[in-house]
Amino acid sequence: MDVEAELARLRAEGKLNEVATLAIESYGPDVLGFLAAILRDQADAGDAFAQACENLWRGLPRFEARSAVKTWFYTLARNAALRLRGASANHPHVPLSMVSELVEQVRSRTALHLRSQVKSKLTEIRDELDEADRVLLVLRVDRGMSWNDIARVIGASEGGAEDDASDDELAKAAARLRQRFQTIKKTIRERAQESGLLDEWLETDG
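Residues numbered from 1 in each chain as written. Predicted model: local features only at pLDDT ≥ 70, side-chain atom pairs only at ≥ 80, totals over all residues. Heavy atoms only, no water.

(A) Broad picture of the overall build of the protein chain. When helices and strands are counted, the protein chain shows 9 helices and 0 strands. The secondary structure elements of the protein chain, listed N-terminal to C-terminal, are α-α-α-α-α-α-α-α-α. Here the protein chain holds 206 residues, and the buried ones make up 45% of them. Within the protein chain, residue pairs in contact and separated by at least 24 positions form 73% of the contacts whose partners lie at least 6 positions apart. (Helix = DSSP H or I, 4+ residues; strand = E, 2+ residues; numbered from the N terminus. Buried < 20%, exposed > 50% of the residue type's maximum accessible area, 1.4 Å probe, protein only. Contact = heavy atoms within 4.5 Å.)

What follows is the structure, encoded as structure tokens:
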């Protein structure tokens, strides 16, 4: 099934509850894995994920589809992670009752997979990077996002609104991220070589 096409159809019919459910069921496990990778704490990742899902549900009436729902969901997750790291982390929100059960289903389904992953030396090297660089790596290497979508996720306002940058601004932001990505890859390669490791996982079309 083409998830984005189905989401667009449901949005056109005004079935926003179904849109939220399908988006969280389809993209939730990967979004939760993304949060676990950048926050390096499953409890924090779960809290940020719950907040992102709540924000998705609440924000759907204002969503204007200037990006894919998947990209918007990652943007909300990134913003939730940033807020979790800020002063408001001491005052977590409680997910909407309508979405809380769905959040728990995704968290339970994803938790076993996250625990079963063997932490490789390359993963350890990546985890030594700062959070902003980990975000870029996970979105590009692990999730295979386009540079424009990555620019939307990283450059969006903390409020979680869709990025309204012009095409030219978005292209410039994407170009900067590509350059930064090359620097990050070089750093990881150097550390991997020092550890006697190969780095095929970074052989992307950076």
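(B) Structural context of the environment of serine 100. With respect to the helices and strands, the residue serine 100 is situated in helix H5 (residues 97–116). For the pair serine 100 and alanine 50, spaced 50 residues apart in sequence, the C-alpha separation works out to 7.4 Å.

(C) Geometry of the packing of helix H2 (residues 16–39) against helix H4 (residues 69–85). Running from amino to carboxyl end, H2 crosses H4 at an angle of 40°, the nearest separation of the two axes being 10 Å. You can see that H2 and H4 cross each other, and the crossing is right-handed. Across the interface between the two elements, Ala23, Ile24, Tyr27, Gly28, Asp30, Val31, Phe34, Leu35, Ile38 and Leu39 from H2 touch Val69, Lys70, Phe73, Tyr74, Ala77, Arg78, Ala81, Leu84 and Arg85 from H4. By residue class, the composition of the contact of H2 with H4 is 14 nonpolar, 1 polar and 4 charged. (Axes fitted to C-alpha atoms, helices over the stretch in contact; angles between N-to-C directions. Left-handed = near helix turned anticlockwise from the far one by under 90°. Nonpolar A, V, L, I, M, F, W, Y, C, P; charged D, E, K, R; others polar.)

(D) Spatial organisation of unusual backbone geometry. In this structure, arginine 40 is a non-glycine residue whose phi angle is positive, near 60°. Within the element layout of this structure, arginine 40 appears in the loop between H2 and helix H3 (42–59). Residue arginine 40 is classed as partly exposed on the basis of its relative accessible area, which comes to 48%.

(E) Main features of the environment of glutamate 131. Examined against the element boundaries, glutamate 131 turns out to sit in helix H7 (residues 131–142). Spatially, the C-alpha atom of glutamate 131 lies 9.9 Å from that of leucine 82, the residues being 49 residues apart in sequence. Those residues within four positions of glutamate 131 in sequence are excluded, and the remaining contacts are Ile38, Leu39, Arg78, Leu82 and Arg85. A polar side-chain atom of glutamate 131 sits 2.7 Å from a polar atom in the side chain of arginine 78. (Polar contact = N/O pair within 3.5 Å; in protein donor to acceptor, adjacent residues only side chain to side chain.)

(F) Structural detail: the packing of aromatic side chains. Tallied over the entire structure, the rule returns 4 aromatic pairs. Seen from their ring centres, phenylalanine 34 and tyrosine 74 are 5.2 Å apart, and the 65° between their planes marks the pair as edge-to-face. Of this pair, phenylalanine 34 sits in helix H2 while tyrosine 74 is found in helix H4, placing the two residues 40 residues apart along the sequence. Exposure class is identical for phenylalanine 34 and tyrosine 74. Each is buried. (Phe/Tyr/Trp six-rings, centres within 6.5 Å; stacked < 30°, edge-to-face > 60°.)

(G) Quick look at the pattern of salt bridges. In the structure shown here, the tally under the stated rule is 10 salt bridges. As a salt-bridge pair, aspartate 133 and arginine 180 come within 3.3 Å of each other at their nearest N and O atoms. Of this pair, aspartate 133 sits in helix H7 while arginine 180 sits in helix H9 (residues 167–194), and the two are 47 residues apart along the sequence. Residue aspartate 168 pairs with lysine 172 through a salt bridge whose shortest N-O separation is 3.4 Å. Of the two residues, aspartate 168 and lysine 172 both sit in helix H9, 4 residues apart, roughly one turn of that helix. Among the ionic contacts, a cluster of salt bridges with common partners joins Glu6, Arg9, Glu13 and Lys15. (Salt bridge = Lys/Arg side-chain N within 4 Å of Asp/Glu carboxyl O.)

(H) The arrangement of the nonpolar core in detail. Ile24, Phe34, Leu35, Phe49 and Phe73 are the most contacted members of the largest nonpolar core, which has 61 residues in total. Of all the secondary structure elements, the ones that give two or more residues to this core are helix H1 (3–12), H2, H3, H4, H5, H7, helix H8 (147–155) and H9. Broken down by element, the residue count for this core peaks at 14 residues, all from H2. Residue contacts for phenylalanine 34: discarding those within four places in its chain leaves Tyr74, Ala77, Arg78, Val135, Val138, Leu139 and Arg143. (Core = buried A, V, L, I, M, F, W, Y, C linked by side-chain atoms within 4.5 Å.)

(I) Spatial organisation of H3. End to end, H3 covers 25 Å across 18 residues, agreeing with the expected 26 Å (1.5 Å per residue, within 8%). In terms of burial, H3 is a largely internal element, 13 of the 18 residues being buried. With a side-chain oxygen lying 3.0 Å from the backbone nitrogen of alanine 43, the N-terminal cap of H3 falls on aspartate 41. (Expected span 1.5 Å × (residues − 1).)

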